[in-house]
Amino acid sequence: VQLQASGGGLVQAGGSLRLSCRAPRTIFSVYITHDMGWYRQAPGKERELVASISASGSPNYASSVKGRFTISRDNSRKTVSLQMNNLKPDDTAVYYCNAKQGLSASWGQGTLVTVSS
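Parameters and conventions
- Residues numbered from 1 in each chain as written.
- Predicted model: local features only at pLDDT ≥ 70, side-chain atom pairs only at ≥ 80, totals over all residues.
- Heavy atoms only, no water.
- Core = buried A, V, L, I, M, F, W, Y, C linked by side-chain atoms within 4.5 Å.
- Buried < 20%, exposed > 50% of the residue type's maximum accessible area, 1.4 Å probe, protein only.
- Helix = DSSP H or I, 4+ residues; strand = E, 2+ residues; numbered from the N terminus.
- Patch = residues over 30% accessible without salt bridge, like charges linked within 9 Å, V, L, I, M, F, W, Y side chains within 5 Å.
- Areas by Shrake-Rupley, 256 points an atom, 1.4 Å probe, with all protein chains shown as cover.
- Salt bridge = Lys/Arg side-chain N within 4 Å of Asp/Glu carboxyl O.
- Polar contact = N/O pair within 3.5 Å; in protein donor to acceptor, adjacent residues only side chain to side chain.
- Contact = heavy atoms within 4.5 Å.

Visitor: I'm lost on the nonpolar core in this one. Help?
Guide: Most often, soluble globular proteins keep nonpolar side chains buried together rather than apart. If you look at the biggest cluster of nonpolar residues, it comprises 28 residues, and the most contacted ones within it are Trp38, Val50, Phe69, Val80, Leu82, Met84 and Tyr95. Counting only elements with at least two residues in this core, the list comes to strand 3 (17–22), strand 4 (35–41), strand 5 (48–53), strand 7 (69–74), strand 8 (79–84), strand 9 (93–101) and strand 11 (111–116). The greatest single-element share of this core, amounting to four residues, is contributed by strand 9.

Take a look at the structure:
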């Protein structure tokens, strides 16, 4: 699965951003079998899971973003999105989308999110 992420940028604390991740070259019947997720990596820190959504549509969130971020998927457009509200400086990181099926995983290129205080 080839993934294309977009939507990062610079925002003030309290603001919002929406990240999108598309899989234009993946056929529909393959895409819908994958769990999708967003991870982030801040400078000097390990990559961490932010949110994921299963093939059946069940979301899961890191405790640090619960109530502020919403993950969704549109299978018809082969797109997973992450709506980020009430952003905090600690959310500053490079965000990566991920597609997982069993032991197989694919990563998109990162998109930088910078939250200023």
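Visitor: Help me understand a nonpolar patch on the surface, please; the structure alone is not making it clear to me.
Guide: A cluster of nonpolar residues, Val1, Ile27 and Val30, forms a patch on the protein surface that exposes about 220 Å² of accessible area. Secondary-structure assignment places Ile27 in the loop between strand 3 and helix 1 (28–31). Under the relative-accessibility criterion, Ile27 is labelled exposed at 54%.

Visitor: Help me understand the side chain of Thr111, please; the structure alone is not making it clear to me.
Guide: Along the chain, Thr111 falls in strand 11. Look at Thr111 and you get buried, because its relative accessible area is 10%. In terms of polar contacts, Thr111 uses its side chain to reach the backbone amide nitrogen of Gly8, at 3.1 Å. When neighbours within four sequence positions are excluded, Thr111 is seen to be in contact with Ala5, Ser6, Gly7, Gly8, Leu19, Ala93, Val94 and Tyr95.

Visitor: Help me understand unusual backbone geometry, please; the structure alone is not making it clear to me.
Guide: Backbone phi values are negative for most residues with the exception of glycine, while trans is the configuration of most peptide bonds. Phi at Lys78 takes a positive value of approximately 50°, unusual for a residue other than glycine. By secondary structure assignment, the location of Lys78 is in the loop between strand 7 and strand 8. Unlike most non-glycine residues, Asn86 shows phi in positive territory, near 50°. You can call Asn86 partly exposed: its relative accessible area is 43%.

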